[in-house]
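Summary of the model geometry
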Amino acid sequence: TGGTIILYYTCGQKKASWIIMAFFAGSLIYALSAFLELYPLTLLVSPVLVFLVEKVRTERFGFLPVRFFRSSEPVHEKFHHACLLCLSIGLCIASAAVVNDAYLHVVTMEKFTLNTFFLGFSFPLSLITLSVVFSMLKHVEAAGVIWIMEICFWTITLGVIVFFIFILLEKFIPQIFVSSALFIAVIIVLVLYSKYARKIQQKLFLTSGTGFLVFTAVTGIAYIVLQMSDTYDPMKVKWLIQMHVFASLYGWNLCGLAVICRFNDFPIRLHSMAVIAAHWLTAIVLAPMGVFYPVFAVFAVMGYAFITLTLFFSTNTDKGI
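Below, the structure is looked at part by part. (Residues numbered from 1 in each chain as written. Predicted model: local features only at pLDDT ≥ 70, side-chain atom pairs only at ≥ 80, totals over all residues. Heavy atoms only, no water.)

**Things to note about the overall build of the protein**
Across its full length, the protein carries twelve helices and zero strands. Mapped in sequence order, the helices and strands of the protein form the string α-α-α-α-α-α-α-α-α-α-α-α. Since a compact globule built from 321 residues should have a radius of gyration of about 20 Å, the 20 Å found for the protein is in line with a globular shape. With 321 residues in all, the protein has 48% of them scored as buried. Once local pairs closer than 6 in sequence are excluded, the contacts in the protein between residues at least 24 apart make up 74%. With an accessible surface of roughly 16,300 Å², the protein has 71% of that area assigned to carbon and sulfur atoms. (Helix = DSSP H or I, 4+ residues; strand = E, 2+ residues; numbered from the N terminus. Rg over C-alpha atoms; globule rule 2.2 N^0.38 Å. Buried < 20%, exposed > 50% of the residue type's maximum accessible area, 1.4 Å probe, protein only. Contact = heavy atoms within 4.5 Å. Areas by Shrake-Rupley, 256 points an atom, 1.4 Å probe, with all protein chains shown as cover.)

Put into structure tokens, the structure is as follows:
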């Protein structure tokens, strides 16, 4: 769904094209076949998905990512391009992980598995959300601010890649340094966005989303520190991991996808602060607790049903509430 929304947003058409529909169908086959461990089907559909993403990417940005290095290229366009490139590369690396894990067993690293690389598919969603965030700062003309935005782009995109490598190598101290740099970059993004973005309804949701991203960074750093402890017990910190995962995948990413899907509909008819409060309650409390206590899972599902129905299906209006 995330990949489909990214392609839909990139194409900029009112109705989904055959490429978008084909990617959506293929991604469902990809996810279900991987879940059911029907890996030949997963590997068969993967190059098709890569081809579709690359077709959209090259038509929009060209084949070589030379525009990353142009100072005249807006930062939000760089994030957008990086998002598509990351999606293609993620599909390729996940396929390599499948081949290694299921058939070849050449790479023996514990983290080089499909489960690990499926987490990588959240990164393109983060990048496209950051693209939307920075698109609302494109009117900023101060040279110093523009350079800070440029530094944020390189810190976040390269930082996550380096961080992922350290995860594979299970190097904890470098993970702390890189995650700290990412945390600082995210704080800077939040400050820039709060100060310079126009006060419109989308800003409330994207500010909330950036808050989720800060929370994700804090819980991620805390988890790394706990892993380094002599008394580390995975079961004792499982609650922290659940909060980290839900804040990232169903907090930050959901805010971004909702804004992208309704981008041309805003303002929409809803009580923004009430929806945001319900979102935080569900993602930070109900969903993580639902992993351990089934009764909370029921309320978490109800909470997410309310959030998605409200965000994706509320009618648009002339007055944002």
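**Thoughts on the side chain of S131**
Of note, S131 is situated in helix α6 (residues 122-135). When near neighbours in sequence (up to four residues on either side) are disregarded, S131 contacts H76, F79 and H80.

**Examining the nonpolar core**
Of all hydrophobic cores here, the largest spans 80 residues; its most connected members are F79, F134 and L137. For this core, the element with the highest residue contribution is helix α4 (residues 75-104), accounting for eleven residues. Those residues in contact with L137 that sit more than four places away from it in its chain are M149, L192, Y193, Y196 and A197. (Core = buried A, V, L, I, M, F, W, Y, C linked by side-chain atoms within 4.5 Å.)

**A short note on unusual backbone geometry**
Positive phi values are uncommon outside glycine, yet E37 reaches one of about 60°. By the secondary structure assignment, E37 is in the loop between α2 (18-35) and α3 (39-61). E37 sits in the exposed class, given a relative accessible area of 56%. Look at E170: it is not a glycine, yet its phi comes out positive at around 55°. Its place among the elements puts E170 in the loop between α7 (143-169) and α8 (172-196).

**Focus on the environment of L257**
Note on placement: L257 falls in helix α10 (residues 238-261). On the accessibility criterion, L257 (10% relative accessible area) is buried. Residues L257 and T1 lie 256 residues apart in sequence; the distance between their C-alpha atoms is 9.4 Å. With sequence-adjacent residues up to four places away left out, L257 is seen in contact with G2, I5, L125 and F312.

**Some remarks on the state of the cysteines**
One pass over the structure, following the stated rule, counts zero disulfides. Here C152 stays unpaired: no disulfide links it, and the sulfur of C83, its closest cysteine neighbor, is 18 Å away. Using a relative accessible area of 2% as the deciding quantity, one classes C152 as buried. C255 supplies the cysteine sulfur nearest to C261, a cysteine that is in no disulfide, at a spacing of 13 Å. In this structure C261 comes out as partly exposed when scored by relative accessible area, which is 28%. (Disulfide = S-S within 2.5 Å.)

Any link to function would need more than the numbers given here.
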